[in-house]
Amino acid sequence: MVLRSLMEHSRPGAESLIPEQRPRLRCRDPRSGRETWSGAGTPKESGDPGAETPKHPLLQPPGFAAMTGKTAPPATDPAPKKDTAPAPKQEPAPKQEPAPKQEPAPKEEPAPKEEPAPKQEPAPAAEDPPAPEHPPAAEQPTAPADEPAPGPTAEAAPAPEEGSPSAAAEPQAPEPEKSKGAPPSSPLALAVEEVSENSITLTWKAPEQTGRSHLDGYVVEIRKDGSTDWTAVNQEPFLSTRFTVQDLGSGDKIHVRVKAVSACGASVPATLEQPVLIREILQLPKIRMPRHLRETYVRHVGDAVNMMIPFQGKPQPEVIWTKGGQPLDASRIAIRNTQKDTIFYIREAQRGDSGKYELTVRINGAEDKAILDIRVIELPGPPQNLKLVDVWGFNVALEWSPPVDNGNSEIKGYIVQKSDKKSGKWFTVLERCTRTSCTISDLIIGNTYSFRVFAENACGLSEKAAVTTAVADIKKTKTAYQSEKIPQRDMMEPPKFTQPLTDRTTTRGYNTHLICCVRGFPQPKIIWMKNQMEIREDPKYIAMIEQGVCSLEIRKPSPFDGGIYTCKAINALGEASVDCKLDVKMPQ
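Calculation criteria
Residues numbered from 1 in each chain as written. Predicted model: local features only at pLDDT ≥ 70, side-chain atom pairs only at ≥ 80, totals over all residues. Heavy atoms only, no water. Salt bridge = Lys/Arg side-chain N within 4 Å of Asp/Glu carboxyl O. Helix = DSSP H or I, 4+ residues; strand = E, 2+ residues; numbered from the N terminus. Buried < 20%, exposed > 50% of the residue type's maximum accessible area, 1.4 Å probe, protein only. Phe/Tyr/Trp six-rings, centres within 6.5 Å; stacked < 30°, edge-to-face > 60°. Lys NZ or Arg CZ within 6 Å of the ring centre and 35° of its normal. Polar contact = N/O pair within 3.5 Å; in protein donor to acceptor, adjacent residues only side chain to side chain. Contact = heavy atoms within 4.5 Å. Pairing = 2+ DSSP bridges. Axes fitted to C-alpha atoms, helices over the stretch in contact; angles between N-to-C directions. Core = buried A, V, L, I, M, F, W, Y, C linked by side-chain atoms within 4.5 Å.

1. Looking at the pattern of salt bridges
Tallied over the entire structure, the rule returns 14 salt bridges. As a salt-bridge pair, Arg351 and Asp405 come within 3.5 Å of each other at their nearest N and O atoms. Here Asp405 lies in the loop between strand 22 (395–401) and strand 23 (413–420) and Arg351 lies in the loop between strand 18 (341–346) and strand 19 (355–363), a separation of 54 residues in the sequence. A relative accessible area of 31% means that Arg351 is categorised as partly exposed. For Asp405, a relative accessible area of 31% gives the class partly exposed. When the shortest N-O distance is used, the salt bridge between Arg536 and Glu534 registers 3.5 Å. Among the residues examined, Arg536 registers a relative accessible area of 64% and is labelled exposed. Overall, the relative accessible area of 41% leaves Glu534 in the partly exposed class. Connected through salt bridges with shared partners, the residues Glu221, Arg257 and Lys259 form a single ionic network.

In structure tokens:
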């Protein structure tokens, strides 16, 4: 490519140039490494960079800048040898450089390989191009031997110019700093919990997003209505979602807002929509008695009594406890009052602590009262005066009286037990007997029994039982059987038909039954008749009687068997009869 461009410059179009303006080429010998100049005006070998610069600008072949990575030196300072040379003729020389217009050469060679040069340091970009990129030394015209070759070090490290790739690699953009993260979001549900004469209590919820860093806490700010200056109430952030702003002026209207703070910054504040008026909210006293304390509160002896009764009222109400109109005994009962409740405490309850206690909550003459009924119970005493009243057969009757001490609780019932002399073990025969007497049955003949009775209340069974002093001896008794006399009854009765005969119609050749019912004692005699003629031993007729039911069977009747049939019953007390009509039809 270099030789082709040289031949193009050597054509007649290029001969019009003066000898001093003809292009000169620098060649390097691949064997000796020496550099030679071809053409007129070979620079002298000197260490001065000015001596190496030609007096006139050199024309470079197209693609020379892309192959070597260098551009021609500026032609602004030419050094003419003679003062008589016309300056205007030398100025158009730079216009004849075809390098900017003839750049199709980089398309033939991979110019993009040189693009990564800006990422490298400037020093490697200033080195000479490798030898394979230049044509061989044999094909290039050599400089005369009497002209000295310039030093290789003078041209080896020229200063990078503005158009060179190395100059573009020097400025580097500063790396952007890492983002610190977004601040947390605003606190949620900011609300006023309580307002007093000189303070306000706020509550809120934690923000939904806290960012990359953890939440440091919250900052509460206030300002008076009409002012624009916000003042932080707390100096250091805190993590609680409840805060009380103190030392406020009564009657002031205060705007409040809360910010969430983290290492990334403060959130958008959560602000109350309306200002808060600082004043005491008066509230009448009211006792809120728990449901389980509205009835009698029962405890066992020795148990602890610990009750909390809430109340309301503003300003702080006065709490008064009394029993029977007298103050409580502070040595046995401890009372602790707070702004919202009162606590009643007894370490070990005794029977004497039972009774009705009166609670009074008072504010400037207005008051509310409640009654607390406490009952302390224990086990009852044993029943009294247990007696063995009677013993008969397999049965024993017992009686007793209620215990003297019921344990401060109603007696629910009694438990009766028995013990036989042979085994000596006690067995329960009655549970929850509500009466003070009972009868015990199904005792075994030949055994001797003792009995005892326990009393039971809400606390349990009595520790002791009442035991009978006498024993019940179940003995064998002789009994004589006597048959019961039953009076005889007169059963004599004349015959009487309870079910008469009914008229029948039958078909020839089909058996027919005539049925009726008769009652009487002694059993009556039954006589069957046909047309007032007694039916005797005739195989055509079969007469039967069973349990007062009389029946006459007529076997395969014919029209001749039709007529009036009569049943007559006769005994010693009288007679009775019934009749019916029988029709026999021919089959169709």
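Here the narrative resumes, following the displayed structure.
2. Considerations on the environment of Arg279
Within the secondary structure layout, Arg279 lies in the loop between strand 11 (276–277) and strand 12 (283–287). As a C-alpha pair, Arg279 and Asp252 span 27 residues in sequence and 8.0 Å in three-dimensional space.

3. Quick word on the packing of aromatic side chains
Scanning all chains against the criterion turns up eight aromatic pairs. Taken together through their ring pairs, the aromatic side chains of Trp204, Tyr218, Phe238 and Phe243 make up a single cluster. Above the face of the Trp426 ring, Arg452 is positioned so that its terminal group lies 4.4 Å from the ring centre. The ring of Phe560 is capped by Lys530, whose NZ or CZ atom sits 4.7 Å from the centre of that ring.

4. Comments concerning the side chain of Thr468
Note that Thr468 resides in the loop between strand 28 (466–467) and strand 29 (472–473). A residue is classified by how much of its surface remains accessible, and Thr468, at 8% relative accessible area, is buried. A polar contact of 3.2 Å, which involves the side chain of Thr468, links it to the backbone oxygen of Ala470. With sequence-adjacent residues up to four places away left out, Thr468 is seen in contact with Leu386, Leu398, Ser450 and Phe451.

5. As for the pairing of strand 37 (residues 563–571)
Each regular strand carries side chains that alternate between the two faces of the sheet. Looking at chain direction, strand 33 (residues 525–530) and strand 37 are connected through six bridges and run antiparallel. Bridging across to strand 37, Trp528 finds its partner in Cys567. Sheet topology note: the strand 37/strand 38 (residues 574–585) ladder contains nine bridges and is antiparallel. Residue pairing across strands places Lys568 opposite Ser577, the latter belonging to strand 38.

6. Comments concerning the sheet that holds strand 18
Spatially, four strands are ordered 12-14-18-17 in an open sheet, and the strand pairing comes out antiparallel. The outermost strands of the open sheet, each flanked by one partner alone, are strand 12 and strand 17 (333–337). Pairs of neighbouring strands in the sheet enclose a mean axial angle of 20°, with direction left out of account. Two elements, strand 12 and strand 14 (residues 305–314), share three bridges in a ladder whose sense is antiparallel. Each residue of the ladder has a partner; that of Ile287, found in strand 14, is Phe311.

7. Things to note about the nonpolar core
The nonpolar side chains of a soluble globular protein tend to be buried with one another. Grouped together as the largest cluster of nonpolar side chains are 22 residues, with contacts concentrated most on Trp321, Phe344 and Ile374. Secondary structure elements with two or more residues in this core: strand 14, strand 15 (318–323), strand 18, strand 19 and strand 20 (366–377). Sequence-distant contacts of Phe344, that is, excluding residues within four places in its chain, are made with Val305, Asn306, Met307, Trp321, Leu328, Ile333, Ala334, Ile335, Tyr357 and Ile374. Grouped together as the second largest cluster of nonpolar side chains are 21 residues, Tyr218, Ile222, Val258 and Ala270 included.

8. Some thoughts on the sheet that holds strand 37
Taking strand neighbours across the sheet as the criterion, the five strands line up as 31-38-37-33-34 in an open arrangement whose pairing is mixed. The sheet is open, and its two edges are formed by strand 31 (504–507) and strand 34 (533–534), each paired on a single side.

On their own, these measurements won't tell you what the molecule is for.
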